[in-house]
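Here is what each chain is made of, one letter per residue.
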Amino acid sequence: MKNTSFALLGFALLALTVTACARRETPVQAGNRDQILHIGNLSEPQDLDPHTITGVQEHHVLFALLEGLVTEDPKDLHPTPGVAERWTVSDDGCVYTFFLRPDSRWSNGDPVTAADFLFSFQRILSPNLGAPYAYMLFVIKGAEAFNRGEAQDFATVGARAIDPHTLEITLTAPVPYFLTTLNHHSWYPVHPPTILKFGAIDQIGLPWTKAGNFVGNGPFTLQSWAPGDKIVVRKSSNYWDRANIRLNEIHFYAIGDNNIEERSFRAGQLHVTGTVPIDRIAYYQKEHPELLRLDPYLGTYYYLLNTTRPPLNDVRVRRALAMAVDRARLVRYVTLGGETPAFNFTTPDTAGYTSRARLPFEPKTAQQLLAEAGFPGGQNFPKLELLYNTSDAHGRIAQAIQQMWKETLGIEVQLVNMEWKVYMAQTDQHKYDIARAGWIGDYADPNTFLDMWVTGGGNNRAVWSNPEYDRLIAEAARTRDTTARFECFQRAEQLLMDEAPILPLYFYKSKSLVAPSVRGWYPNLLDRHPYNRVYLEP
C-alpha cells in the first residue's frame, strides 16, 4: 500500500481537527445534504480488474462500477434483472437465454451487447490471464477445457450471441444456484475496446483500470483514485436506471488501522465503517446500539497451511496445529463480536447444508501427533512464520494462537505483519508457512466453500491436492438430487478436515458502524449493499 502511513496520519489529524472545531460541517453532514456516501474500505485495493481480483474490498468498489446480467435484491439478495431485463431457462435446466436491455450503456455511451459478455468470458477463461476465479465459469459447457488449454477455439465454449441483445449460455449440467453466481465479479463484463486499447485480451496489470481510463457499465463511474487514500465514484449519466439512483458520489477510504477508522466515524468523516475495533464493541453495545451492526455473515476466518513446505507437508503436523487451538476461548476472550467457533470450513446451514466433519480442540491428541511426526514436546521443531495482513484484530488473534501453540505444543512461531497488497502477493505465490485468511461465500451454496480446494484451484493457496476430494466435488456438480449432492459435500469436507491443509477458526459476523442517515443498507448474509438502492436522509 503506497503512502499508507501518510494517509493514515492525515486522516487522524483531520479527525482531530473536526472534533476540535465543532461548528465546522463534517463530511457526513455535507454528504447527507449532497448525497455523497463516505465508506471505510479497510485497505488499498490490489486492482479494479474484475477478472483478476479476489478481495472483498475490491468487490466493494467494482459493485459500483460494473453490472452483470443480474443484480440482487438489497434485503435477501435474490437475483433481480441487471443488464438482462429478463431470461428464460430450458426444461432441462441447462440452457439460459438472457435478453439484454437495449438502453444498457457503457460509461462512454457505447451499447452493452451480448458480444461484450462473450469477450469477457473468453478473457477470464484465457489460460494466460491466470484468473484465480476462472473456475466460477466452469459450469459453462466447454469452459474448463478451454481454460486448461485443452481446446483452443472459444467457439467450443457453451456461450453464444444470438443477436446483439440476446445471449445464450449452455451449462454442463443444471446448477440450481446459477443465477446467484452471476452477480459475482468474475461474471462482470469488461469493455472490449478499452481492454484492447492497452494490450491483449489476456494481459494482466494494464492501466485500463486507472481513473481516466476505466470504462464501466455500472451505476457509478470511476472519477479518481488516490493510492493509500480514497477512491471516488460518481453517478453515471449513462446507466439505464440512473433516474432511480439517489446517491451522487461514493468515497471509499483505505483505512487499514481499525482504531483510526472508528475515530473517523465518531468525528463525522465516515457514514459506514469496514469493521469495528475489538475494544470498542462493548462500548457501542452499551452506549450506542443504534449505530452498531453485528450481523450473520456467510464466511469463515481460517489459517492456510502451506502443504509444500516441511514440516507442514506432514498431515500429523497440520492436525497437531489445528487440534491445539482452543477456538471457544478465542471467540470468547479475543474476537468479542459474537463469532462462532469453527470446527469445519463451511458455515452451518448454508442452503440447508451443515457439515458433519469436525476438527476439534484436543490438546493431548495434538501433542501425540506432533511427537509421532518427530517433534516430541516441540523439540527440534523449526520456527515457522505466521503471516497476516495489517489489522489490530488479526494481530491479536495471531498472538493468541501463537501462545496456544507454545503452551500446548512447545513450539515457537514468528508473527509477520504485511500490508494488504504485499500479503496477497506472498500468499498468491505461496511464499509463506502459515497465513491468515478469510473466505466469504460468493453465493449461498456449500459449493462456494468447497470447490475452491480442488487440485490447482485458483484460490487453493494451501497448494493441497487429493484426487478423491476432486472426484467428490465433480460428482456433486453433476448431481441433481439435493440429498445425494450434499452427501458428496459431506464426504469431501471430511477429507478436508482429516488432512487439514487449512485451520478453520471461527465463523464470521459482519461488524460495522452505520450512521443513522444511511438508508437502504440492510443486513444480509453476504454483507452486500446495492448502491443504486442506498441513499442518505439528513
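Up top is the structure.
Values in this document were obtained by computation on a predicted structure and should not be read as measured data. (Residues numbered from 1 in each chain as written. Predicted model: local features only at pLDDT ≥ 70, side-chain atom pairs only at ≥ 80, totals over all residues. Heavy atoms only, no water.)

**Here's the deal with helix α11 (residues 327-335)**
Quick note on the threshold: With a 1.4 Å probe rolled over the protein chains alone, any residue whose accessible area is under 20% of its type maximum counts as buried; one over 50% counts as exposed, and the rest are partly exposed. In this text, helices come from DSSP runs of H or I with a minimum length of four residues, and strands from runs of E with a minimum of two, each type numbered from the N-terminal end. The arc in question is the one spanned by the directions pointing from the helix axis to the C-beta atoms. Pairs of residues are marked as contacts when any of their non-hydrogen atoms sit within 4.5 Å. Whenever two N or O atoms come within 3.5 Å, that pair is a polar contact, provided that in protein one can donate a hydrogen and the other can accept it, and provided that, for residues adjacent in sequence, both atoms are side-chain atoms.
Those residues of α11 that sit buried are R327, L330, V331, V334 and T335. Along the axis of α11, the buried positions cluster into a sector of 110 degrees, meaning they face one direction only. In α11, the exposed residues that point more than 90 degrees away from the buried face are R332 and Y333. Those residues of α11 that are buried lie in contact with α9 (281-287), α10 (315-323), β12 (340-341), α13 (392-409) and β16 (502-513). With a side-chain oxygen positioned 3.4 Å from the backbone nitrogen of A328, the residue opening α11 is D326.

**Looking at the sheet that holds strand β14 (residues 413-418)**
Let me state the cut-off plainly: The pairing criterion for strands is at least two bridges between them, as found by DSSP. The angle between two axes is taken between their N-to-C directions and runs from 0 to 180 degrees, where each axis is a line fitted to C-alpha atoms and a helix contributes only its stretch in contact.
Here six strands make up an open sheet; going across it, the order is β12-β16-β11-β15-β13-β14 and the pairing mixed. Of all the strands in the sheet, the pair left with one neighbour each is β12 and β14. Across seven bridges, strand β11 (residues 292-305) lies against strand β15 (residues 434-440) in antiparallel orientation. The residue bridging Y302 from the neighbouring strand is A437, located in β15. Helix α14 (residues 420-428) contacts β13 (384-389), β14 and β15 of the sheet and is inclined by roughly 135 degrees relative to β13.

**Concerning the pattern of salt bridges**
How we decide: By salt bridge we mean one thing: a side-chain nitrogen of Lys or Arg within 4 Å of a carboxyl oxygen of Asp or Glu.
Per the stated rule, a full pass over the model turns up 23 salt bridges. When the shortest N-O distance is used, the salt bridge between R33 and D34 registers 3.0 Å. The partner of R309 in a salt bridge is D433, with the nearest N and O atoms 3.0 Å apart. Taken together, the residues span a long stretch of sequence, with R309 in the loop between β11 and α10 and D433 in the loop between α14 and β15 at a distance of 124 residues. The class of R309 is partly exposed, set by a relative accessible area of 29%. Take D433: its relative accessible area is 12%, and that puts it in the buried class. Each of E468, R471, E475 and R491 takes part in one network of salt bridges that share partners.

**Looking at unusual backbone geometry**
With an omega dihedral of 0 degrees, the bond running from P310 to P311 counts as a cis peptide bond. Note on placement: P311 falls in the loop between β11 and α10. The phi angle at L336 is positive, at roughly 60 degrees, despite the residue not being glycine. In this structure, L336 sits in the loop between α11 and β12. With phi around 50 degrees, D527 is a residue other than glycine that occupies positive phi space. Topologically, D527 is positioned in the loop between β17 (518-519) and β18 (535-536). The class of D527 is partly exposed, set by a relative accessible area of 23%.

**Details of the side chain of T221**
Note on placement: T221 falls in strand β8 (residues 220-226). A distance of 2.8 Å separates polar atoms of two side chains, one belonging to T221 and the other to Q223. Excluding residues that lie within four positions of it along the chain, T221 makes contacts with L65, S107, V232, V233, R234 and S236.

**Structural notes on the packing of aromatic side chains**
Which entries qualify depends on this criterion: Planes of paired rings set the category: under 30 degrees apart is stacked, over 60 is edge-to-face and the rest tilted, where pairs are Phe, Tyr or Trp rings (Trp by its six-membered ring) whose centres lie within 6.5 Å.
Scanning all chains against the criterion turns up 29 aromatic pairs. Where Y302 meets F345, the ring centres are 5.0 Å apart and the plane angle is 85 degrees; that geometry is what we call edge-to-face. Here the residue Y302 occupies a position in strand β11, and F345 occupies one in the loop between β12 and α12 (363-372), the gap between them amounting to 43 residues. Their ring planes at 80 degrees and their centres at 5.8 Å tell us that F345 and F449 sit as a pair that is edge-to-face.

**As for the pairing of β16**
Most of β16 is tucked away, with 11 of its 12 residues classed as buried. Strand direction decides the pairing type here: β11 and β16, joined by 10 bridges, are antiparallel. Bridged to L294 within β16 is K511. Two strands pair when backbone bridges link them, and β12 and β16 are joined in this way by two bridges, in the antiparallel orientation. Each bridged residue has a counterpart across the sheet, and for P341 the counterpart in β16 is Y506.

**Focus: the side chain of H51**
Counting through the fold element by element, H51 comes out in the loop between β1 (36-40) and α3 (56-65). Classification of H51 by relative accessible area gives buried; the value is 1%. A polar contact of 3.0 Å, which involves the side chain of H51, links it to the side chain of R123. H51 has contacts with S120, R123, I124, L129, A131, P132, H185, S186, Y188 and V190, leaving out every residue within four places of it along the chain.

**Notes on the sheet that holds strand β6 (residues 159-163)**
Strand order in the open sheet made by the four strands is β4-β5-β7-β6, with antiparallel pairing throughout. A single partner strand is all that each edge strand has here, and the edge strands are β4 (84-89) and β6. Here the average twist between neighbouring strands, direction ignored, is 20 degrees. Where β6 meets strand β7 (residues 166-170), four bridges bridge the pair, whose relative direction is antiparallel. The residue bridging A159 from the neighbouring strand is I169, located in β7.

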